[in-house]
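# Notes for the structure review
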Amino acid sequence: MKCAKTFGVDVLKHDGLWQIDGDCQLLQLERGVHQAERLKLGQGLRLEAAFSPETALPQDLARVWTVGSSRIRTPDHFATLLEQRVIEAWLTSSVPLPGGSDSIVSIPLTDAPETMHLMVRRNLHQQPAIAELVASLFAQHQQQPIRLQSP
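Only a predicted model underlies this, so the values are computations on that prediction, with no experimental measurement involved. (Residues numbered from 1 in each chain as written. Predicted model: local features only at pLDDT ≥ 70, side-chain atom pairs only at ≥ 80, totals over all residues. Heavy atoms only, no water.)

### Section: the overall build of the protein
Scanning the protein from terminus to terminus reveals five helices and seven strands. Each helix and strand of the protein, placed in order from N terminus to C terminus, yields the pattern α-β-β-α-β-α-β-α-β-β-β-α. Computed over C-alpha atoms, the radius of gyration of the protein comes to 16 Å, within 12% of the 15 Å expected from 2.2 N^0.38 for 151 residues, which places it in the range of a compact globule. The principal-axis extent of the C-alpha atoms belonging to the protein is close to 50 × 35 × 30 Å. Evaluated residue by residue, the protein yields a buried proportion of 36% over its 151 residues. Of all intrachain contacts in the protein linking residues separated by at least 6 positions in sequence, the fraction that spans at least 24 positions is 50%. (Helix = DSSP H or I, 4+ residues; strand = E, 2+ residues; numbered from the N terminus. Rg over C-alpha atoms; globule rule 2.2 N^0.38 Å. Buried < 20%, exposed > 50% of the residue type's maximum accessible area, 1.4 Å probe, protein only. Contact = heavy atoms within 4.5 Å.)

The following block contains the structure:
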């Protein structure tokens, strides 16, 4: 909320969702700077995933990634979080919607027992932190299947 005044925007809660009113250009630039810093330092990266209770994130990932589990689980919501650089990745069992944003890519991780995709901004999918996340999630899934909660 303190940042809102600095960036000349209003932050309001409408129907349980935070909404930003005003010119968001400075806020978007700030988010880009913070994302670049998280990637450069390899810490504080944000992964959105509704893991089931029996799924544990490997320790090496837990040191680098902060896992969130939004109560709003619609593809549009997560696409917005990715596009606005609020999160770096979204792990989902949903099949990516055709005709989605060109700025977001789907990285297939698993086929069985359920399909799983890691969704990231197109300009991030070549980043070492994303490659390490994909490799670690794949290895984890081979040992003990990763399960996500149903929406």
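That was the structure; now back to the text.
### Examining the side chain of R31
By secondary structure assignment, the location of R31 is in helix α2 (residues 25–41). Beyond its immediate stretch of four places on either side in the chain, R31 contacts I20, Q84, R85 and V86.

Just distances and angles here, no functional claims.
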